[in-house]
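Survey of secondary and tertiary structure
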Amino acid sequence: MLSTSSGETPQPRTGPLTTQATVRTRVEVPVRRSDRDWRTAEMVSFTGLADGREHIAVVFPFAQAVPLVRVHSECLTGDVFGSARCDCGPQLTEVVDLFSDRGGILLYLRQEGRGIGLYNKLEAYRLQDDRGLDTFAATRELNFSDDLRDYRVAAQMLRALGVTRIRLRTNNPDKIHQLENYGITVEEVLPTGVHRTERNHEYLRVKAEQGHTILLGESS
């Protein structure tokens, strides 16, 4: 696992894809919306992804020539257990509701904790609680860079699905830059909602300071 002792942000990932992925399995799965209604989506697995992890695409039927896409990094604490320390769970719920109505592709990447893994993320939480560090400072204290995620696999997945032009739903400029560097054309950027609460306000403030396009005067 890549880490640094000084906490510098890694150099931007650039260059064309050197390996291609292929679709392994497609299967229809009923997916539950926030209103507890169900929609059918197609879950897709892949062979040949660059990092060897089990990322999946969740494809809601779409008619647009340029589909809506959300690249969502796994957050077990937020996505599954509804942790209020972040906004990951609400972002995932938001996109499932949106794509089940309008169609789109959700890429669910197994890059927990901005790439440091679940156990290290929990260690970072402990540092935040014990020493009052913010999420990025705690990650640096563990000798990791601010964000280790590489979206090469997202570009591979899109290409395997036959998609090279997208409308991307994100507040993270790094996702845009990396996908474009890997040959995916981002024709439009649509921001996610601002899921601010009393518990995650500081987390969102720090993300905004780190370059995310989050307007903290807004909430959803």
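Nothing here was measured: the structure is a model prediction, and the numbers come from that model.

Cut-offs and rules
- Residues numbered from 1 in each chain as written.
- Predicted model: local features only at pLDDT ≥ 70, side-chain atom pairs only at ≥ 80, totals over all residues.
- Heavy atoms only, no water.
- Helix = DSSP H or I, 4+ residues; strand = E, 2+ residues; numbered from the N terminus.
- Contact = heavy atoms within 4.5 Å.
- Areas by Shrake-Rupley, 256 points an atom, 1.4 Å probe, with all protein chains shown as cover.
- Salt bridge = Lys/Arg side-chain N within 4 Å of Asp/Glu carboxyl O.
- Buried < 20%, exposed > 50% of the residue type's maximum accessible area, 1.4 Å probe, protein only.
- Pairing = 2+ DSSP bridges.
- Axes fitted to C-alpha atoms, helices over the stretch in contact; angles between N-to-C directions.
- Polar contact = N/O pair within 3.5 Å; in protein donor to acceptor, adjacent residues only side chain to side chain.
- Core = buried A, V, L, I, M, F, W, Y, C linked by side-chain atoms within 4.5 Å.

1. Focus on the overall build of the protein chain
Counting secondary structure elements, the protein chain contains seven helices and seven strands. Within the protein chain, contacts between residues separated by at least 24 positions form 64% of all contacts whose residues are at least 6 apart in sequence. Roughly 11,000 Å² of accessible area belongs to the protein chain as shown, and the carbon and sulfur atoms make up 49% of that amount.

2. Observations concerning the pattern of salt bridges
With the rule as written, the count across this model stands at 13 salt bridges. The partner of Arg33 in a salt bridge is Asp35, and the shortest N-O contact between them spans 3.0 Å. Judged by its relative accessible area of 12%, Arg33 falls in the buried class. Owing to a relative accessible area of 45%, Asp35 belongs among the partly exposed residues under this scheme.

3. Some points on the sheet that holds strand S1 (residues 22–32)
Spatially, the seven strands line up as an open sheet ordered S1-S2-S3-S5-S4-S6-S7, and their pairing is mixed. Pairing within the sheet leaves two strands with one partner each, and these edge strands are S1 and strand S7 (185–190). Geometrically, the sheet is characterised by an average inter-axis angle of 30° between neighbouring strands, direction not taken into account. Across two bridges, strand S4 (residues 68–73) lies against strand S6 (residues 165–169) in parallel orientation. Bridging from a neighbouring strand, Val69 pairs with Leu168 of S6. Seen against the sheet, helix H2 (residues 88–102) touches S1, strand S2 (38–47), strand S3 (56–60), S4, strand S5 (104–109) and S6 and runs at an angle of roughly 155° to S4. Across the sheet, helix H5 (residues 152–160) lies against S1, S2, S3, S4, S5 and S6, angled at about 140° from S5, the strand it touches most.

4. Let's talk about helix H6 (residues 173–181)
Among the residues making up H6, those that are buried are Lys175, Ile176, Gln178 and Leu179. In the core, the buried residues of H6 are packed alongside S4, H5, S6 and S7. For H6, the side-chain oxygen to backbone nitrogen distance between the N-cap and Asp174 is 3.0 Å, and the N-cap itself is Asn172. Just downstream of H6 lies Gly183, where phi reads positive at about 95°.

5. Regarding the nonpolar core
Among the nonpolar cores identified, the biggest contains 27 residues, and Ala57, Val71, Ile105, Leu107, Ile166 and Leu179 are the most heavily contacted of them. Of all the secondary structure elements, the ones that give two or more residues to this core are S2, S3, S4, S5, H5, S6 and H6. Per-element tally for this core: the top contributor is H5, with five residues. Other than its neighbours up to four places away in sequence, Leu179 contacts Val71, Tyr151, Ala154, Ala155, Ile166, Leu168, Ile184 and Val186. Core analysis: the second largest hydrophobic core is formed by 13 residues, Val31, Val95, Phe99 and Leu106 among them.

6. What to know about H5
If you check which residues of H5 are buried, you get Val153, Ala154, Ala155, Gln156, Met157 and Leu158. Structurally, H5 contributes buried residues whose contacts are with S2, S3, S4, S5, S6 and H6.

7. Description of the pairing of S5
Of all six residues making up S5, six are buried, and the element is well covered by its neighbours. Where burial is concerned, the two faces of S5 agree: the one with Gly104, Leu106 and Tyr108 and the one with Ile105, Leu107 and Leu109 are both buried. Looking at chain direction, S3 and S5 are connected through five bridges and run antiparallel. Bridging from a neighbouring strand, Ile56 pairs with Tyr108 of S5. The sheet contact formed by S4 and S5 spans five bridges and is parallel. Paired with His72 across the strands is Tyr108, a residue of S5.

8. Section: the side chain of Lys175
For Lys175, the position within the fold is in helix H6. Under the relative-accessibility criterion, Lys175 is labelled buried at 5%. In contact with Lys175, other than residues within four places in its own chain, are Arg70, Val71, Tyr151, Leu168 and Thr170.

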